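Here is how the chains run, residue by residue.
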Amino acid sequence: SSGAIFNMPIIKETNLSNVVRKLKENNFFIISTSPDGSDKPEELPQLKKKVLIIGNEERGIRKKLMENSDFNIKLEKYGKTSSLNAAVSAAIFIYELKKRG
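Everything numeric here is computed off the predicted structure, so don't read it as measured data. (Residues numbered from 1 in each chain as written. Predicted model: local features only at pLDDT ≥ 70, side-chain atom pairs only at ≥ 80, totals over all residues. Heavy atoms only, no water.)

**A word on the side chain of S32**
In step 1: On the secondary structure map, S32 appears in strand β1 (residues 29-33).
In step 2: If near-sequence neighbours (up to four positions away) are discounted, S32 is found in contact with I53, I61, M66, S69, F71, N72 and I73. (Helix = DSSP H or I, 4+ residues; strand = E, 2+ residues; numbered from the N terminus. Contact = heavy atoms within 4.5 Å.)

**Side note on the pairing of β1**
In step 1: In terms of residue burial, β1 counts as a mostly covered element, since four of its five residues are buried.
In step 2: Of the strand pairs in this sheet, β1 and strand β2 (residues 50-53) are connected by four bridges, and their pairing is parallel. Paired with S32 across the strands is I53, a residue of β2.
In step 3: Pairing geometry for β1 and strand β3 (residues 71-73), over three bridges, is parallel. The residue of β3 that forms the bridge with I31 is F71. (Buried < 20%, exposed > 50% of the residue type's maximum accessible area, 1.4 Å probe, protein only. Pairing = 2+ DSSP bridges.)

**Some remarks on helix α3 (residues 86-99)**
In step 1: With 14 residues, α3 extends 20 Å from end C-alpha to end C-alpha; this agrees with the ideal 20 Å at 1.5 Å per step.
In step 2: Among the residues of α3, those classed as buried are A86, S89, A90, F93, E96 and L97. End-on, the buried residues of α3 take up no more than an arc of 135 degrees, which puts them together on one face. The exposed residues of α3 that point more than 90 degrees off its buried face are A87, I94, Y95, K98 and K99. (Expected span 1.5 Å × (residues − 1). Arc of directions from axis to C-beta.)

Below, the structure is given as structure tokens:
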């Protein structure tokens, strides 16, 4: 909801590699998303400090960001669906990660 912006930290930065580096220096785990990801959200260990990177529908996440991620997760798709909307995917990923603590 639009009110959530007042209750969560938002960072604006044009160079995401710098952000990832700073977050890792502060003991955050970086989780990227990709249809080619090797990890399933429900199989991740419990992580107190984590950051989720969601790519756009057209290009996804840049290769360098994925290489600097600790985990690269994907959603299992069923049927003939080739992909999901980024907002829908983000909601599912956040739900799954929240369940893990």
